[in-house]
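Read off the chains here:
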Amino acid sequence: AMDQELLPADFIRSFRPDYDRNIFVSFPHLDTVILHQYPAWMTGGRENIVYLAWEQRDGSHYWREVFDGFEQVWALSSFAAESLERCLGRTVHAVPCVMDLDALPSRGTKAAYGLDPNALVVLYVFDANSSIERKNPEAALRAVEAAFGPRDNVQLCIKVSNFGRLEHKDRLRSFLRQASRLGSRVKILTDQLTRHDTLKLISSVDCYM
């Protein structure tokens, strides 16, 4: 489900022949060697860096060959860098994502999203299309139950995208049954929000899980 604010032009990146290094932004579980997909005049004689996103502790042994041609490997977090170092057998630099603070919208309010203004609100966001098992929203329920007692004024807000897809029906129905244990202490938002409104939602809560 593509964000309605995105245009095809947003995915087009230009090649600058006057620069002496290339940065390839990708993910590690590829079955092709990225550098072989580009002509030699674009990659030869330049420093080629690959910037990888990864969320797990383990990788695959064949990744060493896939990324062997790069002079540097970067990762978007120290967790990802440590994981990739183990499977690539080389130094991986953690280069965190950049946050453009000037581009952020003004702070949102809890009331605007139907949340309790007086409660400590914990937010958990996931996309059902990105593997519900991997996102594991049930763990968010268990974490709140373990951290707070029934008398604590706490509300868990779970924002889920692509909630209505037929293939997710049984899995999400089971999740809703488990969420009902928390009663009014859990709020589930299923509306498709723009990036702007999602950022306002994140800014309005007290804790992001």
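Scope of this entry: the structure provided in the associated data block. Note that the coordinates shown come from a computational prediction; the quantities given were computed from them, not determined experimentally.

### Focus on the overall build of the protein chain
- Each helix and strand in the protein chain was counted, giving seven helices and eight strands.
- In terms of overall dimensions, the protein chain is more spread out than a globule: its C-alpha atoms have a radius of gyration of 21 Å, far above the 17 Å expected for 209 residues.
- Oriented by its inertia axes, the alpha-carbon framework of the protein chain measures out at about 65 × 35 × 30 Å.
- Here the protein chain holds 209 residues, and the buried ones make up 33% of them.
- Put simply, 69% of the contacts in the protein chain that link residues at least 6 apart link residues at least 24 apart.
- Carbon together with sulfur atoms contributes 53% to the accessible area of the protein chain, which is approximately 13,200 Å² in total.
- When the 25 basic and 27 acidic side-chain charges of the protein chain are each reduced to a single mean position, those positions are 7 Å apart.

### With respect to the packing of aromatic side chains
- Counted under the stated rule, the structure contains six aromatic pairs.
- Seen from their ring centres, Tyr-124 and Phe-126 are 6.1 Å apart, and the 40° between their planes marks the pair as tilted. The pair formed by Tyr-124 and Phe-126 is uniform in burial state, with each residue classed as buried.
- Three or more aromatic residues joined by ring pairs make a cluster, and in this case those are Phe-24, Tyr-38, Phe-67 and Phe-70.

### Some thoughts on the nonpolar core
- Counting residues in hydrophobic clusters, the biggest one holds 19 residues, and the most contacted among them are Val-50, Phe-67, Leu-84 and Leu-88.
- Sorting the residues of this core by element identifies β2 (47-52), α2 (63-66), β3 (72-75) and α3 (78-88) as the ones contributing at least two each.
- Of all the elements, α3 adds the most residues to this core, at five residues.
- In this structure, Val-122, Phe-126, Leu-156 and Ile-158 belong to the second largest nonpolar core, which totals 17 residues.

### Here we look at the sheet that holds strand β7 (residues 186-189)
- Read from one edge of the open sheet, four strands run β7-β6-β5-β8, paired in parallel fashion. Among the strands making up the open sheet, the edge pair consists of β7 and β8 (207-208).
- Pairing geometry for strand β5 (residues 120-127) and β8, over two bridges, is parallel. Opposite Leu-123, over in β8, you have Tyr-208 as the bridge partner.
- Those strands touched by helix α5 (residues 137-147) are β5, β6 (154-161) and β7, and its axis lies near 175° from that of β6.

### Focus: helix α6 (residues 169-179)
- Turning to α6, its buried residues number three or more, namely Leu-172, Phe-175 and Ala-179. Buried positions in α6, seen along its axis, are confined to an arc of 55° and lie on one side of it. For α6, exposure combined with an orientation more than 90 degrees from the buried face picks out Asp-170 and Arg-177.

### A word on unusual backbone geometry
- In this structure, Ser-131 is a non-glycine residue whose phi angle is positive, near 70°.
- Looking at where Ser-131 falls in the secondary structure, it is placed in the loop between β5 and α4 (132-135).
- We classify Ser-131 as partly exposed; its relative accessible area is 31%.
- Backbone geometry at Asn-162 places phi at a positive 55°, although glycine is not the residue there.
- With respect to the helices and strands, the residue Asn-162 is situated in the loop between β6 and α6.
- Assessed through its relative accessible area of 12%, Asn-162 is described here as buried.

About the criteria used
- Residues numbered from 1 in each chain as written.
- Predicted model: local features only at pLDDT ≥ 70, side-chain atom pairs only at ≥ 80, totals over all residues.
- Heavy atoms only, no water.
- Helix = DSSP H or I, 4+ residues; strand = E, 2+ residues; numbered from the N terminus.
- Rg over C-alpha atoms; globule rule 2.2 N^0.38 Å.
- Buried < 20%, exposed > 50% of the residue type's maximum accessible area, 1.4 Å probe, protein only.
- Contact = heavy atoms within 4.5 Å.
- Areas by Shrake-Rupley, 256 points an atom, 1.4 Å probe, with all protein chains shown as cover.
- Lys, Arg positive; Asp, Glu negative; His and termini not counted.
- Charge placed at Lys NZ, Arg CZ, Asp CG, Glu CD.
- Phe/Tyr/Trp six-rings, centres within 6.5 Å; stacked < 30°, edge-to-face > 60°.
- Core = buried A, V, L, I, M, F, W, Y, C linked by side-chain atoms within 4.5 Å.
- Pairing = 2+ DSSP bridges.
- Axes fitted to C-alpha atoms, helices over the stretch in contact; angles between N-to-C directions.
- Arc of directions from axis to C-beta.

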